[in-house]
Amino acid sequence: MTNRLDLVDTNAAGHIAIGGVDALKLTQQYGTPLIAYDTGAIRRQIRSFQRVFEDLNIAHRVVYASKAFSSLAMYQLAAESNIGCDVVSGGELYAALKGGMRPEMIEFHGNNKLPHELEYAVDAQIGCIVVDNFQELHTLQAILADRQQTMRVMLRVAPGILAETHEYISTGQEKSKFGFDIRSGQAARALQEMLADDHLDVIGVHCHIGSQIFDVQGFIGAAKKMALLLRDWNQEFGFDAQVLNLGGGFGIKYTGEDDPLPAEEFVKTIIEVVEYKVNKYHLQMPAIWVEPGRALVGDAATTLYTIGSSKHVAGVCDYISVDGGMGDNIRPALYHAKYEALLADRPHAENTQVATVVGKYCESGDILVEDCPLPPTHPGDVLAVPATGAYGYTMASNYNRNPRPAVVFCENGESRLVIRRETYADMLRCEVGIAQ
Ligand SMILES: *Cc1c(COP(=O)(O)O)cnc(C)c1O
């Protein structure tokens, strides 16, 4: 078992620091709630993915799954780091392009891409569309025929692998809403249709088995299944995949109890399995693409809150309320996700109470951390919740008309505002009202 203090860095003053910047200084400068990213940590994580492939001399692409934290600043950082990104909507595509991602480095996912989103992707000449179902295939074919344009595509299959994770974030099972299933012959039929269309350049196959996965067995199973599929399709259709995309889902550490394999270990294992099978089946080695989202940004951010009221229910529990909650981090309410919380100015202080940290939203489910060990706390203390970099800001809402928090990037002791805090006026910007 590891220590929850491993989740944070501390400075000489004994305060939590993010990218070398004192957490208290950040809250004084930018207010709370505040999401503070250590961008050095993101860069190191990107490099560690790239390095595994480079060391093993494997053609590859690291594709940032941008739904984890879609923001101009993050697309800019990804573009600078020479990785690709995926998008799952026209809105993400728009932001990725605005953030300077080169179109050819973008791939488009989703189980219900809208016709206008497909047109947008085709017009922007993005790198590849990951085709999910027949309806989408036919819509895309019509768009391409109309424009006399070609598009690189990948075929998403549901490999029939059940990853050990929460049901809502498990996507590889046959019953999944994503991708063509293999067993019924759907996937093979889709491939045949795609190969027969001159406007489609079928570069490979894709699967994604789920998210926050700790056990490498799921990835091994998926890699084996996909290699077998490539062998079958090579024999039946003479298809040589240039790309085998094994998706993302690499787990990160949220609490002292979490002990995930380092992402590069997952990747190394995946590569070894694919190489072994490809040699065994006498196939050409495809480039391997992986799509980490959470693993690139998740543990790089810490959310800083200010403690407000508290409530003692004798013999039941103690509540400590903060100035954010489910509006900036829905994951505990949505998936029963677990986090830790520490006091920003005294993370090492002795814990004397066990309290439930709740938000300010009008829902009893608005709980950030249940049964959290803490030292004595006072209104005005800054509470830090580590590992909030993925699926936090991107799932944020204005529920109860609370503005979404500000986001800062911190590195080498410097901070920079990358998303400003919403104002009350921002929250009304789309509202037309009835008195015009
Ligand atoms: C969400 C998603 C990812 C990223 O998942 P993480 O758990 O954040 O790594 C990758 N690929 C696809 C297709 C996804 O839907």
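Calculation rules
- Residues numbered from 1 in each chain as written.
- Predicted model: local features only at pLDDT ≥ 70, side-chain atom pairs only at ≥ 80, totals over all residues.
- Heavy atoms only, no water.
- UniProt positions renumbered as here; feature names shortened; annotations may be inferred.
- Helix = DSSP H or I, 4+ residues; strand = E, 2+ residues; numbered from the N terminus.
- Rg over C-alpha atoms; globule rule 2.2 N^0.38 Å.
- Buried < 20%, exposed > 50% of the residue type's maximum accessible area, 1.4 Å probe, protein only.
- Contact = heavy atoms within 4.5 Å.
- Areas by Shrake-Rupley, 256 points an atom, 1.4 Å probe, with all protein chains shown as cover.
- Lys, Arg positive; Asp, Glu negative; His and termini not counted.
- Charge placed at Lys NZ, Arg CZ, Asp CG, Glu CD.
- Arc of directions from axis to C-beta.
- Polar contact = N/O pair within 3.5 Å; in protein donor to acceptor, adjacent residues only side chain to side chain.
- Salt bridge = Lys/Arg side-chain N within 4 Å of Asp/Glu carboxyl O.

As annotated in an unreviewed UniProt entry, the chain carries the name Diaminopimelate decarboxylase and comes from Ligilactobacillus saerimneri 30a. According to the UniProt record, the Pathway (unreviewed entry) comment for the chain is "Amino-acid biosynthesis; L-lysine biosynthesis via DAP pathway; L-lysine from DL-2,6-diaminopimelate: step 1/1." What UniProt records for the chain under Cofactor (unreviewed entry) is the sentence "pyridoxal 5'-phosphate".

(A) Main features of the overall build of the chain. Within the chain one finds 12 helices and 21 strands. Against the 2.2 N^0.38 benchmark of 22 Å for 436 residues, the chain shows a C-alpha radius of gyration of 23 Å, consistent with a compact globule. Considering the chain as a whole, with its 436 residues, one finds that 57% of them fall into the buried category. Contacts in the chain between residues far apart in sequence, at least 24 positions, make up 69% of those at least 6 positions apart. Total accessible area on the chain is roughly 19000 Å²; 48% of this is exposed by carbon and sulfur atoms. Side chains of the chain give 37 positive and 54 negative charges; the mean places of these two sets differ by 1 Å.

(B) Highlighting helix H1 (residues 23-30). Turning to H1, its buried residues number three or more, namely Ala-23, Leu-24, Leu-26, Thr-27 and Tyr-30. One face of H1 carries all of its buried residues, which in axial projection span an arc of 160°. When the buried face of H1 is taken as reference, the exposed residues oriented beyond 90 degrees from it are Gln-28 and Gln-29. Two to three positions downstream of the cap, the backbone nitrogen of Leu-24 sits 2.8 Å from a side-chain oxygen, assigning the N-cap of H1 to Asp-22. Taken from the residues just after H1, Gly-31 is the one with a positive phi, measuring 80°.

(C) Here's a closer look at unusual backbone geometry. Going from Thr-32 to Pro-33, the amide bond is cis rather than trans, its omega being -10°. Inspection of the secondary structure puts Pro-33 in the loop between H1 and strand E4 (34-38). Unusually for a residue other than glycine, Asn-400 sits at a positive phi of about 60°. Relative to the elements of secondary structure, Asn-400 occurs in the loop between strand E19 (382-386) and strand E20 (406-411). Look at Asn-400 and you get partly exposed, because its relative accessible area is 31%. The phi torsion at Asn-412 lies on the positive side, around 50°, for a residue other than glycine. By the element assignment, Asn-412 lies in the loop between E20 and strand E21 (414-419).

(D) Structural view of the pattern of salt bridges. Evaluation of the coordinates by the stated rule reveals 14 salt bridges. The shortest N-O distance in the salt bridge between Glu-136 and Lys-113 comes to 2.8 Å. Pair noted here: Glu-136 is in helix H6 (residues 134-147) and Lys-113 is in the loop between strand E7 (106-108) and helix H5 (115-123), with a separation of 23 residues, a long-range link. Side by side, Glu-136 and Lys-113 carry an identical accessibility label, which is buried. By sharing partners, the salt bridges in this structure join Arg-43, Glu-80 and Glu-411 into a single network.

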